[in-house]
Amino acid sequence: MPENAKTGWLRVVGLGPGDAAMLTPEASQALETASDVLGYTTYLDRVPHRPGQVRFATDNREELDRARHALTLAAQGCQVALVSGGDPGVFAMASAVFEAMEHGLPAWRALDVAVIPGISAMFAAAARLGAPLGHDFCAISLSDNLKPWALIERRLRLAAQAGFVMALYNPRSKARPDQLAQGFAILRAELPPDVPVAFARAVGSAQERIHLTTLEAADPALVCMRTLVLIGTAGTRLVPRPQGGAFVYTSRSASA
Ligand code: SAH
């Protein structure tokens, strides 16, 4: 190898929820030094263009292909940033990279691969509301593209019974318009009607909208794919403010 030849690497980079102020310095550095940037078009659009940097935009459904492409480029000596919104380990690209590595070329396991964390939608949304994730919580993707809907229903029911606050990702799409309503029906059978529910839409962007309601009144029609749905527990409290609105928190000593 020539002395000045660069060694390939792969960084699986979390871009945070959308606001540049919520991008970590470590993620910025990986984006600045990469020779190649790969990702779903929506996320790639958030990465500033740099002269000489090669960009590969892909469809959202081709995760494993994209992961193999990223590993192949790194094995060829490229410095590759594979980008995800939020955190790359939360319903995103990092798992696909390790799955591709497990079933791929043996040489891929020796590559310089690292995951750069990002602020996941649940943390950005929770921070806007107060501290709804202050006690035990779980994150569930409502998408049944990769798992059966019956399993999602079971997890919702058991999480409610176990008293977890829930962060629901991928809550509703054009292809899946009715499942959130079905999910709410399951939760209403398990939880008190006044449990706080929040819809946090496009947090960190100009379209951000936070809607606070109750499980009883929660209207799935207000939810789109850019929304994170938070379901409280009987221990999730509201602190109303004199100017309107309220902080939401879950007490660390909550028992329900
Ligand atoms: N890796 C991402 C999640 C990808 S799954 C993360 O850690 O945030 C995509 C889902 O994440 C969306 O359907 C939505 O439920 C949620 N999401 C992503 N960005 C969001 C944002 N800015 N505001 C609210 N929800 C968001």
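Residues numbered from 1 in each chain as written. Predicted model: local features only at pLDDT ≥ 70, side-chain atom pairs only at ≥ 80, totals over all residues. Heavy atoms only, no water.

1. Regarding the sheet that holds strand β11 (residues 227–231)
Paired through backbone hydrogen bonds, the strands of a sheet run either parallel or antiparallel to each other.
1) Next: A sheet is described by the order of its strands in space; here five strands give the open sequence β7-β8-β11-β9-β10, paired in mixed fashion. Every interior strand has two partners, whereas the edge strands, β7 (137–141) and β10 (209–214), have only one. Taken over all neighbouring pairs, the strand axes of this sheet differ in orientation by 20° on average, direction set aside.
2) Next: Of the pairings in the sheet, the one linking strand β9 (residues 196–201) to β10 comprises six bridges and is antiparallel in character. Residue pairing across strands places V197 opposite T213, the latter belonging to β10. (Pairing = 2+ DSSP bridges. Helix = DSSP H or I, 4+ residues; strand = E, 2+ residues; numbered from the N terminus. Axes fitted to C-alpha atoms, helices over the stretch in contact; angles between N-to-C directions.)

2. Quick notes on the domain arrangement of the protein
1) Next: For the protein, the domain assignment lists domain 1 (5–119) and domain 2 (122–250).
2) Next: When each unit is reduced to the centre of its C-alpha atoms, the spacing between domain 1 and domain 2 is 29 Å.
3) Next: Each side of the interface is counted separately: domain 1 has eight residues, and domain 2 has ten residues.
4) Next: When domain 1 packs against domain 2, close to 680 Å² is buried across both sides, 69% of that on carbon and sulfur atoms.
5) Next: At the boundary of domain 1 with domain 2, the tally comes to one residue pair in polar contact (both at pLDDT 80 or more).
6) Next: Grouping the amino acids of the side of domain 1 that touches domain 2 by side-chain chemistry returns five nonpolar, one polar and two charged. (Domains from an automatic or database assignment. Contact = heavy atoms within 4.5 Å. Buried area = accessible area lost by both parts, 1.4 Å probe. Polar contact = N/O pair within 3.5 Å; in protein donor to acceptor, adjacent residues only side chain to side chain. Nonpolar A, V, L, I, M, F, W, Y, C, P; charged D, E, K, R; others polar.)

3. A few points about helix α7 (residues 179–190)
1) Next: Helix length check: α7 (twelve residues) gives 17 Å between terminal C-alpha atoms against 16 Å at 1.5 Å per residue, within 8%.
2) Next: All buried positions along α7 are accounted for by Q179, L180, G183, F184, I186 and L187. Buried residues of α7 fall within an arc of 160° about the axis and therefore sit on the same side.
3) Next: Buried residues belonging to α7 abut α6 (149–162), β8 (165–169), β9 and β11. (Expected span 1.5 Å × (residues − 1). Buried < 20%, exposed > 50% of the residue type's maximum accessible area, 1.4 Å probe, protein only. Arc of directions from axis to C-beta.)

4. A few points about the pattern of salt bridges
In a structure, side chains of opposite charge can pair up when their charged atoms sit close to one another.
1) Next: For the structure on display, the rule yields four salt bridges.
2) Next: Of the charged contacts in the structure, one is a salt bridge between R68 and D65, with a shortest N-O distance of 2.9 Å. With a gap of three residues between them, R68 and D65 both fall in helix α3 (residues 63–75), about one helical turn apart.
3) Next: A relative accessible area of 36% means that R68 is categorised as partly exposed.
4) Next: Salt-bridge contacts for E208 lead to R128; the nearest nitrogen and oxygen are separated by 2.6 Å. Taken together, the residues span a long stretch of sequence, with E208 in the loop between β9 and β10 and R128 in helix α5 (residues 121–129) at a distance of 80 residues.
5) Next: For E208, a relative accessible area of 27% translates into the label partly exposed.
6) Next: In this structure R128 comes out as partly exposed when scored by relative accessible area, which is 39%. (Salt bridge = Lys/Arg side-chain N within 4 Å of Asp/Glu carboxyl O.)

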